[in-house]
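Here is how the chains run, residue by residue.
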Amino acid sequence: MNNCMILVVEDDTAVRNLIATALEMHEYHHMTATTGNEALLAVSSHNPDIVLLDLGLPDMDGVDVIQKIRTWSNVPILIISARNEDTDKIGALDAGADDYLTKPFSVDELLARLRVTQRRLAATQGMLPSSSQIFTNGDLKIDYVAGCAYIGEEELHLTPLEYKLLCLLAKNVGKVLTHTFITNELWGCSWDNEVASLRVCMATLRKKIEVPGQAQYIQTHVGIGYRMVRV
Ligand code: CA
């Protein structure tokens, strides 16, 4: 199975089913939303890898959806729309969409665009599909096979949870991860207890990897989550 999770936002049942079927046939994980609000909720709570977004949605304009998503997430957004005027395309791209597909489109074209987006995503995240088993970012190094992390030559003494959190941030380098996403990944749920535990775990991890008083590797996004930045 392809490990890429795709969110399909489309209110037209026939088009949604067509896309869903194509994704299933090509072994993509996917989830669907039929309104702008559902889409925003799905992006914030499930952190998909790619969003396929219809511009004409029943409750809000797709461009507004992009602008809202872009306030906290860099997830690649591929627009699928019946509109073919340049102003619509430019509007969507200016708002932060990554690519544009005009209906009617062929499934082959859609899949080709997805592959391009995945490659770009892999390149920006430094984790190409056949990626090395070593992650490096500045002085930080993670050896996934050995299950060890280092700052320079110094091996870090991390708890299993701190190591898991570090790997999760590293594998999503450049992306803001929400509290909900992180706690779901680490504990399988996201109640107040887990969010509090995440804060504690993050604080102890930072003490081990950051220079005191500096947030070189991990940024806090107040009220949203955390992001590992490329150093
Ligand atoms: Ca529509």
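*Asks:* In this structure, what is going on with the overall build of the chain? I would like to understand it.
*Replies:* A count of helical and extended segments in the chain gives eight helices and 12 strands. Computed over the C-alpha atoms, the radius of gyration of the chain is 19 Å, within 12% of the 17 Å expected from 2.2 N^0.38 for a compact globule of 231 residues. Judged by the C-alpha coordinates and their principal axes, the chain covers about 55 × 35 × 30 Å. Taking all 231 residues of the chain together, the buried fraction comes to 46%.

*Asks:* Mind showing me how you'd approach unusual backbone geometry here?
*Replies:* Peptide bonds are, in most cases, trans, and in most cases residues other than glycine have a negative phi. Between K103 and the following residue, P104, the backbone shows a cis peptide bond with an omega angle of -5°. You can see P104 is positioned in the loop between strand 5 (99-102) and helix 5 (107-125). One non-glycine residue, E27, adopts positive backbone phi at about 60°. Locating E27 in the fold gives a position in the loop between helix 1 (13-25) and strand 2 (29-33). Residue classification places E27 among the partly exposed residues on the basis of a relative accessible area of 43%. One non-glycine residue, N47, adopts positive backbone phi at about 50°. Considering the arrangement of structural elements, one finds N47 in the loop between helix 2 (36-46) and strand 3 (50-54). The class for N47 is buried, based on a relative accessible area of 9%.

*Asks:* Would you mind showing me how to read the coordination of the calcium ion here?
*Replies:* Around the calcium ion, the donor atoms from the protein are D11 (OD), D54 (OD) and G56 (O), and they sit 2.2 to 2.4 Å away. In primary-sequence terms, the residues that donate to the calcium ion follow D-x42-D-x1-G. Residue classification places G56 among the partly exposed residues on the basis of a relative accessible area of 33%.

*Asks:* Any chance you could explain the sheet that holds strand 6 (residues 134-137) here in plain terms?
*Replies:* Two strands in a sheet stick together by hydrogen bonds in their backbones, pointing the same way (parallel) or opposite ways (antiparallel). The antiparallel open sheet is built from four strands, whose spatial order is 6-7-8-9. The open sheet has two free edges, formed respectively by strand 6 and strand 9 (154-155), since each of these has just one partner strand. Sheet analysis places strand 8 (residues 148-151) next to strand 9, joined by two bridges and oriented antiparallel. For Y150, the partnering residue across the bridge sits in strand 9 and is E155.

*Asks:* Even after reading the chapter, I still don't get the pairing of strand 2, so can you show me in this structure?
*Replies:* Across a regular strand the side chains alternate sides, sitting on one face of the sheet and then on the other. Where strand 1 (residues 5-9) meets strand 2, five bridges bridge the pair, whose relative direction is parallel. The residue of strand 2 that forms the bridge with V9 is A33. On the question of chirality, the crossover connecting strand 1 to the parallel strand 2 by way of helix 1 is right-handed.

*Asks:* I would appreciate a short explanation of the pattern of salt bridges in the present structure.
*Replies:* Close approach of charged atoms lets side chains of opposite charge pair. Summed over all chains, the structure comprises four salt bridges. Of the charged contacts, one joins D54 and K103 as a salt bridge, the two residues approaching to 3.5 Å between their closest N and O atoms. One end of the pair, D54, is in strand 3; the other, K103, is in the loop between strand 5 and helix 5, with 49 residues separating them in the sequence. Accessibility classification places D54 together with K103 in one group, the buried group. Connected through salt bridges with shared partners, the residues E10, D54 and K103 form a single ionic network.

*Asks:* What is the right way to read the side chain of N137 from this model?
*Replies:* Among the secondary structure elements, N137 is positioned in strand 6. Within the structure, the side chain of N137 is placed 2.7 Å from the backbone nitrogen of V231, a separation counted as a polar contact. If near-sequence neighbours (up to four positions away) are discounted, N137 is found in contact with V173, Y217, M228, V229, R230 and V231.

Cut-off values and rules
Residues numbered from 1 in each chain as written. Predicted model: local features only at pLDDT ≥ 70, side-chain atom pairs only at ≥ 80, totals over all residues. Heavy atoms only, no water. Helix = DSSP H or I, 4+ residues; strand = E, 2+ residues; numbered from the N terminus. Rg over C-alpha atoms; globule rule 2.2 N^0.38 Å. Buried < 20%, exposed > 50% of the residue type's maximum accessible area, 1.4 Å probe, protein only. Donors = N, O, S within 2.8 Å, 3.2 Å for Na, K, Ca; no water. Pairing = 2+ DSSP bridges. Right-handed = clockwise from strand over helix to strand, strands pointing away. Salt bridge = Lys/Arg side-chain N within 4 Å of Asp/Glu carboxyl O. Polar contact = N/O pair within 3.5 Å; in protein donor to acceptor, adjacent residues only side chain to side chain. Contact = heavy atoms within 4.5 Å.

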